[in-house]
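Residue-level listing of the chains:
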Amino acid sequence: MTEEEVLSEFRASEALLEGHFKLSSGRHSAHYLQCARVLMDPMRASRLAAALAAKLPRELRAEIDTVVSPAMGGIIIGHEMGRALGKEAMFLERPDGTFGFRRGFGLKPGEKVIVVEDVVTTGLSSKEAMKAVENAGGEVLALVSIVNRSGGDVEFDVPYHALVEITFPTYAEDEIPAELAAVPVTKPGSRK
Ligand SMILES: O=P(O)(O)OC[C@H]1O[C@H](OP(=O)(O)OP(=O)(O)O)[C@H](O)[C@@H]1O
Ligand SMILES: O=C(O)c1cc(=O)[nH]c(=O)[nH]1
Ligand SMILES: [Mg+2]
């Protein structure tokens, strides 16, 4: 799938939003990629996951035991990646603010995991999820996401693969442009 084909999936599902958004990191943006809308069509979700799985190096695919994704945004794409890779998929939750396994999910010591996200902006959530996998005894082989909107500003300790790179400006609380500040803000994600 080319980047243009991925973007047309976002346009077709009205997932490229414009307005004033407070992101998970606390930064602000005039653009938001609402992956939940892209993934609401199961066939589209499975197409995107198959394309993402096909982008992973063969050696990496051969090593993966399990797919782990951080709730909420990672759950559907994580499940679809599990289907595409023929592996089980689990998710991490943070009802108390810190990611961990619940619902009987857990890892065997040294279990080899790929962490699957919907979007990476600052990489904070992905790093927290990878830490949770390590705390549970797993080994993180790679991070994978549908969208990389980090603009290349983030570094991870493991290889990172994204289906598409889309860079939109983000602003700290004290640097929001006046035109953006004038638009009522919404916070679409679930981080408290
Ligand atoms: O790279 P980052 O700066 O961490 O931003 C990306 C994260 O933000 C969103 O999650 P969010 O915390 O909004 O919660 P959700 O997944 O429950 O929607 C998205 O699903 C990623 O997890
Ligand atoms: O950084 C985020 O919180 C974020 C950005 C984005 O475009 N989409 C999303 O789901 N989360
Ligand atoms: Mg998330």
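Predicted model only: the values in this text are computed from it and were never measured.

Engineer: Could you clarify how one ought to interpret the UniProt feature "binding site: 5-phospho-alpha-D-ribose 1-diphosphate" (unreviewed entry) in the protein in this entry?
Structural biologist: Following the UniProt record, the feature "binding site: 5-phospho-alpha-D-ribose 1-diphosphate" (unreviewed entry) maps to Arg94, Glu117, Asp118, Val119, Val120, Thr121, Thr122, Gly123, Leu124 and Ser125 here. As for the lining of the largest pocket, the annotated residues named previously contribute Arg94, Glu117, Asp118, Val119, Val120, Thr121, Thr122, Gly123, Leu124 and Ser125. Inspection of the secondary structure assignment puts Asp118 in strand β6 (residues 112–120). Discounting chain neighbours no more than four positions away, the residues touching Asp118 are Cys35, Gly73, Gly74, Ile77, Ser145, Ile146 and Val147. Mapping Val120 onto the fold places it in strand β6. Judged by relative accessible area, Val120 falls into the buried class, the value being 1%. Apart from the residues within four sequence positions on either side, Val120 is in contact with Ser126, Leu143, Ser145, Val147, Asn148, Arg149, Ser150, Val154, Phe156 and Tyr160.

Engineer: What am I meant to see in the packing of aromatic side chains here?
Structural biologist: For any two aromatic rings, the description comes down to two numbers: the centre-to-centre distance and the angle of the planes. Taken as a whole, this structure holds three aromatic pairs when the rule is applied. Ring plane angle 70 degrees and centroid distance 5.3 Å describe the contact between Phe156 and Tyr160, whose orientation is recorded as edge-to-face. On the basis of relative accessible area, Tyr160 is assigned to the partly exposed category, the value being 22%.

Engineer: How do you make sense of the site of ligand 1 when you look at a structure like this?
Structural biologist: Taken together, 18 residues sit near ligand 1, with Glu117, Asp118, Thr122, Ser125 and Ser190 positioned nearest. Against a free-state accessible area of 500 Å², the protein chains account for coverage of 92% of ligand 1. Of all the cavities here, the one that holds ligand 1 is the largest pocket. Of all the elements in the fold, those that place two or more residues in the shell around ligand 1 are β6 and α6 (124–135). When residues of the shell around ligand 1 are assigned to their parent elements, the largest contribution, four residues, is made by β6. For the shell around ligand 1, a count of residues per class yields five nonpolar, nine polar and four charged.

What counts and what doesn't
Residues numbered from 1 in each chain as written. Chains lettered and ligands numbered in written order. Predicted model: local features only at pLDDT ≥ 70, side-chain atom pairs only at ≥ 80, totals over all residues. Heavy atoms only, no water. UniProt positions renumbered as here; feature names shortened; annotations may be inferred. 1 Å grid on protein atoms, 1.4 Å probe; cavity = no way out; pocket = protein on both sides within 12 Å on 5 of 7 lines; lining within 4 Å. Helix = DSSP H or I, 4+ residues; strand = E, 2+ residues; numbered from the N terminus. Contact = heavy atoms within 4.5 Å. Buried < 20%, exposed > 50% of the residue type's maximum accessible area, 1.4 Å probe, protein only. Phe/Tyr/Trp six-rings, centres within 6.5 Å; stacked < 30°, edge-to-face > 60°. Near = heavy atom within 4 Å. Areas by Shrake-Rupley, 256 points an atom, 1.4 Å probe, with all protein chains shown as cover. Sits in = over half its atoms within 2 Å of the grid points. Nonpolar A, V, L, I, M, F, W, Y, C, P; charged D, E, K, R; others polar.

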